[in-house]
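# Chains, contacts and geometry: an overview
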Amino acid sequence: MPKDTDAHHGPQHVAIIMDGNGRWATQRGRPRLFGHHAGARRVREIVRACPDEGVKYLTIFAFSTENWKRTQTEVAGLMALFRRYIEREARALLDEGVRVRFIGDRMKLDDKLVSLMDNLELLTSENNKVHLTIALNYGGRDEVTRAAQRLAVEIEQGRLTHKDVDAETLSKFLDTQFLPDPDLVIRTSGEARISNFLLWQSAYAEYEFVDTLWPDFSAAEFSKVLAGYGGRERRFGAVLA
Ligand code: FPP
């Protein structure tokens, strides 16, 4: 059961930049992919913790538009890990009431992975307990650029005019059109950067940077970070009485 207080005061939408897998593996003298596999196990744990924490939306940064610059071995290993995660977790995600959706540009992803993503979205489309959004080949600037292109097509073809272009309309062309804005963005591993994650959507989000490397980020620590959020007051640019 959700804890009443947390569900009430805690963030509804939490986004996470899962950083530090590589360092975690290197510290253990193991290849970077070993860290990514450990990271995937934490994804399971954190997703499962959401209902109890009153978190309705969880958005995680799995692969950025910049991550293609990594070695071919690491990129291929990550893609294989995503395929495996979807294949192995689909049943549990369905049974646990998790609705999974993906954001990012699918054009560059291989067909097999894209079809697994499509199937998982369809399979879990009736779920409503937790909304898990996985950012895969995602970049904030890339997302806004693709949205602007689609908006331009609507104008070119006469379905919209330039006067229709405002923040609300543009939001409807973003990959995240089905999501509320994040309330809290967490980044692990001690780096205090946004790294092109949910640029538009995080305009009023709180940020929490924690030193823990992602493979060590437990449900207990997640809970602690969420409790910290509950104590803050967000003004959305206004002055509260
Ligand atoms: C950043 O750590 C992590 C990534 C680029 C990959 C994130 C992927 C996972 C956590 C794997 C599982 C995900 C799913 C959805 C199953 P890093 O490699 O940049 O670490 P470093 O900064 O220490 O090098």
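These numbers were taken from a predicted model, which means no experiment stands behind them. (Residues numbered from 1 in each chain as written. Predicted model: local features only at pLDDT ≥ 70, side-chain atom pairs only at ≥ 80, totals over all residues. Heavy atoms only, no water.)

A few words on helix H5 (residues 111-123). A rise of 1.5 Å per residue sets the reference length of H5, with its 13 residues, at 18 Å; its end C-alpha atoms lie 18 Å apart and thus fit the reference within 8%. Listed as buried for H5 are Leu113, Val114, Leu116, Met117, Leu120 and Glu121. Down the axis of H5, the buried set is contained in an arc of 160°. They therefore lie on one face. Exposed residues pointing more than 90 degrees away from the buried face of H5 are listed as Asp111 and Leu122. Close packing links the buried residues of H5 with helix H4 (72-95), strand E3 (98-103) and strand E4 (130-138). Between a side-chain oxygen at the N-terminus of H5 and the backbone nitrogen of Lys112 the separation is 3.0 Å; the capping residue is Asp110. (Helix = DSSP H or I, 4+ residues; strand = E, 2+ residues; numbered from the N terminus. Expected span 1.5 Å × (residues − 1). Buried < 20%, exposed > 50% of the residue type's maximum accessible area, 1.4 Å probe, protein only. Arc of directions from axis to C-beta. Contact = heavy atoms within 4.5 Å. Polar contact = N/O pair within 3.5 Å; in protein donor to acceptor, adjacent residues only side chain to side chain.)

What the rule picks out here adds up to 9 aromatic pairs. Judged by centre distance (5.5 Å) and plane angle (25°), the rings of Trp214 and Phe217 are stacked. Judged on exposure class, the residue Trp214 and its partner Phe217 are both buried. A centroid spacing of 6.3 Å and a plane angle of 70° characterise the contact between Phe217 and Phe222, whose relative ring orientation is edge-to-face. What makes Phe222 buried here is its relative accessible area of 0%. An aromatic cluster is present here, built from Phe61, Tyr138 and Phe197 joined pairwise through their rings. Over the ring of Trp24 we find Arg28; its NZ or CZ atom is 4.0 Å from the centre of that ring. (Phe/Tyr/Trp six-rings, centres within 6.5 Å; stacked < 30°, edge-to-face > 60°. Lys NZ or Arg CZ within 6 Å of the ring centre and 35° of its normal.)

To continue, consider the side chain of Glu89. Considering the arrangement of structural elements, one finds Glu89 in helix H4. Within the structure, Glu89 has its side chain in polar contact with the side chain of Arg44 (distance 2.6 Å). Excluding its chain neighbours within four sequence positions, the residues that come into contact with Glu89 are Arg44 and Arg48.

In this fold, Thr188 is placed in the loop between strand E5 (184-187) and strand E6 (206-209). From its side chain, Thr188 meets the backbone oxygen of Asp19 in a polar contact 2.7 Å long.

Time to look at the site of the ligand. Close to the ligand lie 17 residues; Asp19, Gly22, Arg23, Arg32 and Arg70 are nearest. Measuring from an oxygen atom of the ligand, one finds a backbone N or O atom of Asn21 at 3.2 Å. The separation between an oxygen atom of the ligand and a polar side-chain atom of Arg32 is 2.9 Å. Contact with the protein chains covers 92% of the free accessible surface of the ligand, which is 630 Å². For the shell around the ligand, the secondary-structure elements that each account for two or more residues are helix H2 (21-27), helix H3 (32-53) and H4. When its residues are assigned to classes, the shell around the ligand shows 7 nonpolar, 6 polar and 4 charged. (Near = heavy atom within 4 Å. Areas by Shrake-Rupley, 256 points an atom, 1.4 Å probe, with all protein chains shown as cover. Nonpolar A, V, L, I, M, F, W, Y, C, P; charged D, E, K, R; others polar.)

One pass over the full model with this rule turns up 20 salt bridges. With a shortest N-O distance of 2.9 Å, Arg146 and Asp142 are connected by a salt bridge. Linking Arg146 with Asp142, this pair stays in helix H6 (residues 140-156), spanning 4 residues, or about one helical turn. Residue classification places Asp142 among the partly exposed residues on the basis of a relative accessible area of 25%. Among the charged side chains, a network of salt bridges with common partners joins Asp19, Arg23, Arg187, Glu191 and Arg193. (Salt bridge = Lys/Arg side-chain N within 4 Å of Asp/Glu carboxyl O.)

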